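Spelled out from the first residue to the last, the chains are:
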Amino acid sequence: FWLPPPSLGPPLLYFVQMHEHAACALDPDGLSNTRTTLTSPLINFVMWNMSYHAEHHLYTILPFHALPRAHALLKQNLVNLSEGGHLSVHRQVLGSWIREQHDAIVKAAKSGAAGKENEKSD
């Protein structure tokens, strides 16, 4: 009876929390370095409104029940606002990561090919 919570809880929590800062700006601005994910009322209830993650970081003193109101006031200013729920955000973040990796590989291949041509001309 004690095994399911520690076995199931962390993977579910990781799934929900993984993208809160992924594919966001690496700067000190809480409006751009954190993501708010609009999701179901059930998820918001279970997670104590932590889907309003940017609002939580901007105003850490706010209790969980005030985060939806803070969102209503801040939503126009949020850079990373995802409206499709957690699965949609995971697809977006994964797609962004795959594009970044592809671009890095192409850039490395081009610079490697250019380096080889420079060696031949020497």
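Since this is a predicted model, take the numbers as computed values, not measurements.

Reading guide: rules and limits
- Residues numbered from 1 in each chain as written.
- Predicted model: local features only at pLDDT ≥ 70, side-chain atom pairs only at ≥ 80, totals over all residues.
- Heavy atoms only, no water.
- Helix = DSSP H or I, 4+ residues; strand = E, 2+ residues; numbered from the N terminus.
- Rg over C-alpha atoms; globule rule 2.2 N^0.38 Å.
- Buried < 20%, exposed > 50% of the residue type's maximum accessible area, 1.4 Å probe, protein only.
- Contact = heavy atoms within 4.5 Å.
- Areas by Shrake-Rupley, 256 points an atom, 1.4 Å probe, with all protein chains shown as cover.
- Lys, Arg positive; Asp, Glu negative; His and termini not counted.
- Charge placed at Lys NZ, Arg CZ, Asp CG, Glu CD.
- Patch = residues over 30% accessible without salt bridge, like charges linked within 9 Å, V, L, I, M, F, W, Y side chains within 5 Å.
- Salt bridge = Lys/Arg side-chain N within 4 Å of Asp/Glu carboxyl O.
- Phe/Tyr/Trp six-rings, centres within 6.5 Å; stacked < 30°, edge-to-face > 60°.
- pLDDT = per-residue confidence, 0-100.

J.: Would you explain the overall build of the protein in this entry?
T.: The number of helices and strands found in the protein is 5 helices and 2 strands. Tracing the protein from N to C terminus, the helices and strands come up as α-β-α-α-α-β-α. By the compact-globule yardstick of 14 Å for 122 residues, the protein is too spread out, its C-alpha radius of gyration being 20 Å. Along the longest, intermediate and shortest principal axes, the C-alpha atoms of the protein span 70 × 45 × 25 Å. By residue count, 29% of the 122 residues in the protein fall in the buried class. In the protein, the share of contacts with a sequence separation of at least 24, taken over all contacts with a separation of at least 6, comes to 49%. In the form shown here, the protein has an accessible surface area of approximately 8700 Å², with 65% of it arising from carbon and sulfur atoms. Seen as two clouds, the 9 positive and the 10 negative side-chain charges of the protein have centres 6 Å apart.

J.: I'm lost on a nonpolar patch on the surface in this one. Help?
T.: Taken together, the side chains of F1, W2 and L3 define a hydrophobic patch exposed on the protein surface, amounting to about 480 Å² of accessible area. Following the sequence through the fold, W2 ends up in the segment before α1 (4-17).

J.: What is the right way to read the packing of aromatic side chains from this model?
T.: Each aromatic ring pair is summarised here by two numbers: the centre-to-centre distance and the angle between the ring planes. Tallying each qualifying case throughout the model produces 1 aromatic pair. Relative to F64, the ring of W48 lies with its centre 4.6 Å away and its plane at 40°, an arrangement referred to as tilted. In this pair, W48 sits in the loop between α2 (41-46) and α3 (53-58) while F64 sits in the loop between α3 and α4 (67-74), placing the two residues 16 residues apart along the sequence. With relative accessibility at 53%, the residue W48 sits in the exposed group. The partly exposed category is assigned to F64, whose relative accessible area is 35%.

J.: What's the story with the confidence of the model for the protein in this structure? I'm lost.
T.: Interpretation of the predicted coordinates at a detailed level should be avoided for regions scoring low in pLDDT. Per-residue pLDDT for the protein has a mean of 89; in total, 92% of the residues score no lower than 70. Within the protein, the element-level pLDDT minimum falls on α1, averaging 82, and the maximum on α4, averaging 98.

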